[in-house]
Amino acid sequence: MELSKEYLLTDLYSVGSGGSGQLLQGDLEDHTKLEKIKSEKFSEEKRADVEAFLQKIVDISLGGTKGLALTSQGEVYSWGELYVKNELVKFASKNCCKK
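Each value, and the rule that gives it
Residues numbered from 1 in each chain as written. Predicted model: local features only at pLDDT ≥ 70, side-chain atom pairs only at ≥ 80, totals over all residues. Heavy atoms only, no water. Helix = DSSP H or I, 4+ residues; strand = E, 2+ residues; numbered from the N terminus. Buried < 20%, exposed > 50% of the residue type's maximum accessible area, 1.4 Å probe, protein only. Contact = heavy atoms within 4.5 Å. Areas by Shrake-Rupley, 256 points an atom, 1.4 Å probe, with all protein chains shown as cover. Core = buried A, V, L, I, M, F, W, Y, C linked by side-chain atoms within 4.5 Å. Arc of directions from axis to C-beta.

**Things to note about the overall build of the protein chain**
A count of helical and extended segments in the protein chain gives 1 helix and 6 strands. Reading the helices (α) and strands (β) of the protein chain from amino to carboxyl end gives β-β-α-β-β-β-β. Counting all 99 residues of the protein chain, 31% fall into the buried class. When contacts within the protein chain are restricted to residue pairs at least 6 apart in sequence, long-range pairs at least 24 apart make up 29% of them. Accessible surface computed for the protein chain: about 6400 Å², of which carbon and sulfur atoms make up 51%.

Structure representation (structure tokens):
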């Protein structure tokens, strides 16, 4: 089941220590002011994936050095220290969890 657009998060912002890529800003730097997460901040080969991901987030959970997000299509992504620093990693999809 895909959630309708009304449930999607529209803009994501982050601030703080970014040494593990947990801010999803495309770098490992600290950010002292609130900044919108944008696909343009990532390398050219990753921009399309990041843009698609940002457009379909319905839920998000953040920790000190990592983040997890659920998309409208049932995909789960992680970033930060959980897997590979400063990489957006898709590690589950709706097909893995059907009852």
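**Re the nonpolar core**
Counting 11 residues, the largest nonpolar core is built from Leu12, Leu24, Ile37, Phe42, Val50, Phe53, Leu54, Ile57, Ala69, Tyr77 and Trp79. For this core, the elements supplying multiple residues, two or more each, are α1 (44-54) and β5 (76-80). The dominant element in this core, judged by the number of residues it contributes, is α1, at 3 residues.

**Quick word on α1**
Burial in α1 covers these residues: Val50, Phe53 and Leu54. Here the buried residues of α1 occupy an arc of 90 degrees about the axis, which is enough to place them on one side. Exposed side of α1, more than 90 degrees from the buried face: Glu44, Glu45, Ala48 and Asp49 are the residues found there. Against the buried residues of α1 lie β3 (57-62), β4 (66-71) and β5.

**Overview of the environment of threonine 65**
Mapped onto the secondary structure, threonine 65 falls in the loop between β3 and β4. Note: C-alpha distance between threonine 65 and leucine 23 (42 residues apart in sequence) is 8.4 Å. Once residues lying within four places of it in the same chain are set aside, the contact partners of threonine 65 are Ser20, Gln22, Trp79, Gly80 and Glu81.

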